[in-house]
Structures are given as structure tokens and as C-alpha cells.
Amino acid sequence: MIYVISSSDSNLLKQAIYKNIKDKGIEVNEFNVQSFDMYNQLIQDAIDSATQTSFFDSMKVVICYNCYFLSDQAPAIASWRSKMDFTSLEKYVANQNPECDLYLTSLGKLNSESSNKLIKLLKQNAKIENIQTKTSDDLVNIGISYVGNNLAEISKDAILEVVKRTNNDYTLMINTLDKLMCYTNKIRIEDVNVLVAPKLEDDIFVIVNDLFKFLIKDAIHSYRDLISKGNYPVSLIPVFASQFEFLYEVSKLTEEHLSNDQIANQLKCKSGKVYYAKKSLGNFTSNDILNMMVDLHEIEVNIKFDLDNPNDRLEIFILNFRKNYFHK
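Note that the structure is predicted; figures quoted are calculated from it, not measured.

### Describing the overall build of the protein chain
Helices and strands together make up the secondary structure of the protein chain, namely 17 helices and seven strands. For the protein chain, the C-alpha atoms occupy an extent of roughly 65 × 50 × 40 Å along the three principal directions. Within the protein chain, buried positions represent 42% of all 328 residues.

Following this line, the structure appears as C-alpha cells:
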């Protein structure tokens, strides 16, 4: 059987796959379950593995992560894509190994049938599933259940604050609860305040605000403080991008002479958030912020495909902010 699974959360995606494997009674080991990353390995190699029978079990599993060729996920570099033999996948879809489950996964929205012939073929011959991200209420219930299953307890206000501070991120919430349970088996709001950093977006907003005021020393100090607390530089890039994107939207709508209330209504946020965004913007135009977003995207691409050091690239971005964006 072929399974095509997409999600915006890689850990929820993996959780769904391994739950399915467990439910089928397949033992997870290096012989029965093999995984391939399409950014670093070829689809034809994964298909070759799927055609082979397991000598240790009646079923085997082949998992292909990052199938960018099925969704709007960022593609691999052109030189790598050119090595992919997608006809091998097409042939396998038509003639599947009944003793192997093949999982094709992606982080992003699947392409339409009209724009991607593989999607059309797979919809006719595979099981397709989208793993929805969890709502705040879902995460609260999951968190309470997770803590209870670990013979601990957590108050309602504490789990609400954990969900808020982990930005509705399932994996980060679970990791945070694990940390809290190492500290106490009766988690209260006071414990959360001591052990869990405030919402990451708030910290990033402070850094961006300092950058827009050209307070570079303050910005780099705040950034390094975030890193010292265990935040990975790569995970900070989407948060920076989100902040810049919001400021870009506010700037663009301001240039169209919309009021704060009109902007808030269009962006579906509170007018106070628009007010503070405008204060941060200063003399920056929407085009200035667009250039920042382009530069940040280039950093992300270079980290992913050229293996640049993410911490070095972000620090250079911050340190050169005045030089690159100051209006003389």
C-alpha cells in the first residue's frame, strides 16, 4: 500500500506514520523500516528498497521524507532534482509490492492534480491524508492527558500558559512538559513562570524592534540570550520572517492610507498591535522590509542547501542591519 501524508508539523507527521506501523503489528527495526530523505537521497533508491521483500517479517516499510515534488514544500537544488528518476515511482504505483508499505510524506500543501501528474496517479492508487495541526484546545487536552499518563498533574492555568508560550507547537509543548515534570509532579503556573520562557514571538519582536531603531548591540545581546536558552537558530528564522511579514503588511496598508482600525480588521488583529507595529516601522517603507525578507529567505536557502552555519548567518544579518538598510 502507498500512503501519501502531508502536514505542517514534522513530528505530528512522524507520529501518524509510526502509529500506523504499530497498529499493523510491524516491528520497527533497521531491517523492516527504512527511511529516505528526498533532499539527500534519490526516489529510485527508495523504490528499489520498496520492491525488495523483508527477510525478517511478512511486511516491510519504506518512508520517504520531504517529498517536495508532491507539494509546495521548498524544492531541492536543481542539480539534485535532475538526478531523480520519477518514472520509477510511476511504475511502482502501477505495480506495487503487496509486502511493503510505502509512505510519501511532505511538509506543505499537496499540489493539484492538474499541475502534478504524480498527484493524479497517486490519488487513484494510494491513500492520501493530511495531518491537521492541533488547535489550542486540542493541545490543552493532549497536554493534560500526557502529564496524567506520566503519573503527574498540571493545573488548567498552567497548561494554558504552556500552550501559549510554546506557540501552539505540539513538539515544543511535549518537550516543555517533560522539562516541567523533571522539576515537579504537580505543575502549577508558578513553575511555568520559572522554567518556561515567554512566547518566542515576543522575544523576536523585541529584537526586530531594536533592529529598526538601529540598537544593534541590544539586538545581538537579545539574540544570543535566546540561543543560550536552547533555541536553535534555524527555528528562529520562521519567527523572524513572520514578524517582517506582519510589518510589511502594516507598512503596505499604511501607504494606502488605511486607518489603524481598517488595517487591524484586514489583518485580523487588534488595533493596538498595528499601533505598536507602526511605532517600530519608523521611516522604513514596505519596499525596505521586502528587501529584508528577501535577504532572510536567502539566508534560509543557503543554510539548507549550502550548509552555511545558521548561527553565523543570523548574527551577520543582525550586525550588518544598519549598514544594509539605513537611509542616508
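### Considerations on the pairing of strand β4 (residues 100–106)
Among the seven residues of β4, seven are classified as buried, and the element is accordingly described as predominantly covered. Where strand β3 (residues 60–65) and β4 come together, five bridges link them in parallel fashion. The partner of Val62 across the bridge, within β4, is Leu102.

### Remarks on the sheet that holds strand β2 (residues 33–37)
In space, the five strands of this open sheet follow the order β2-β3-β4-β1-β5, with parallel pairing throughout. Across the chains shown, the open sheet's two edge strands, defined by having one partner strand only, are β2 and β5 (127–131). Strand-to-strand, the axes of this sheet are offset by a mean angle of 20 degrees, without reference to chain direction. Along the sheet, helix α1 (residues 10–23) makes contact with β1 (2–7), β2, β3, β4 and β5, crossing β3 at roughly 170 degrees. With respect to the sheet, helix α2 (residues 43–51) is in contact with β2, β3 and β4, its orientation differing from that of β3 by roughly 170 degrees.

### Focus on the side chain of Asn116
With respect to the helices and strands, Asn116 occurs in the loop between β4 and α5 (117–125). Assessed through its relative accessible area of 10%, Asn116 is described here as buried. Separated by 2.9 Å, the side chain of Asn116 and the backbone nitrogen of Leu118 make a polar contact. With sequence-adjacent residues up to four places away left out, Asn116 is seen in contact with Phe69, Leu70 and Asn111.

### Re the nonpolar core
Formed by 39 residues in total, the largest nonpolar core has its most connected members in Ile204, Phe212, Phe244 and Phe321. Contributions of two or more residues to this core are made by α10 (200–212), α11 (216–228), α12 (233–255), α13 (260–267), α14 (271–281), α15 (286–305), α16 (310–319) and α17 (321–325). By residue number, the principal contributor to this core is α12, which donates ten residues. Those residues in contact with Phe321 that lie beyond four places of it in its chain are Leu211, Phe212, Phe214, Ile216, Phe284, Met292 and Phe326.

### A short note on the pattern of salt bridges
According to the stated counting rule, one finds eight salt bridges in the structure shown. Between Glu161 and Arg165 there is a salt bridge; the shortest N-O distance is 2.7 Å. Of the two residues, Glu161 and Arg165 both sit in helix α7 (residues 156–165), four residues apart, roughly one turn of that helix. Comparing Glu161 with Arg165, the two get one shared label, buried. Between Arg313 and Asp308 there is a salt bridge, and its shortest N-O distance comes to 2.8 Å.

### Remarks on the state of the cysteines
Counted by the stated rule, this structure contains zero disulfides. For the unlinked cysteine Cys67, the closest cysteine sulfur is that of Cys64, found at 5.1 Å. You can see Cys100 has no disulfide; the closest cysteine sulfur is in Cys64, sitting 9.3 Å from it.

### Observations regarding helix α4 (residues 86–94)
Among all positions of α4, only Ser88, Leu89, Tyr92 and Val93 are buried. With its buried residues spanning 140 degrees around the axis, α4 presents them on a single face. Opposite its buried face, α4 presents the exposed residues Lys91 and Ala94, each directed more than 90 degrees away. Packing partners of the buried residues in α4 comprise β1, α2, β4 and α5.

### Thoughts on helix α6 (residues 136–149)
One full turn of an α-helix is made of 3.6 residues, so residues set three or four places apart face in the same direction. Taking 1.5 Å as the rise per residue, α6 with 14 residues should run 20 Å; its terminal C-alpha atoms sit 20 Å apart, in good agreement. Residues Leu139, Val140, Gly143 and Val147 constitute the buried set of α6. Down the axis of α6, the buried side of the element spans an arc of 105 degrees, and every buried residue falls inside it. Relative to its buried face, α6 has exposed residues pointing more than 90 degrees away, namely Asp137, Asn141 and Asn149. Backbone geometry just after α6 places Leu151 at a positive phi near 60 degrees.

### Comments concerning the environment of Trp80
By the element assignment, Trp80 lies in helix α3 (residues 78–81). Of the residues examined, Trp80 reaches a relative accessible area of 18% and is grouped as buried. In sequence terms Trp80 and Gln41 are 39 residues apart; their C-alpha atoms lie 9.0 Å from each other. Not counting residues within four places of it along the chain, the set of residues in contact with Trp80 comprises Met38, Tyr39, Asn40, Gln41, Leu42 and Tyr68.

Criteria and thresholds
- Residues numbered from 1 in each chain as written.
- Predicted model: local features only at pLDDT ≥ 70, side-chain atom pairs only at ≥ 80, totals over all residues.
- Heavy atoms only, no water.
- Helix = DSSP H or I, 4+ residues; strand = E, 2+ residues; numbered from the N terminus.
- Buried < 20%, exposed > 50% of the residue type's maximum accessible area, 1.4 Å probe, protein only.
- Pairing = 2+ DSSP bridges.
- Axes fitted to C-alpha atoms, helices over the stretch in contact; angles between N-to-C directions.
- Contact = heavy atoms within 4.5 Å.
- Polar contact = N/O pair within 3.5 Å; in protein donor to acceptor, adjacent residues only side chain to side chain.
- Core = buried A, V, L, I, M, F, W, Y, C linked by side-chain atoms within 4.5 Å.
- Salt bridge = Lys/Arg side-chain N within 4 Å of Asp/Glu carboxyl O.
- Disulfide = S-S within 2.5 Å.
- Arc of directions from axis to C-beta.
- Expected span 1.5 Å × (residues − 1).

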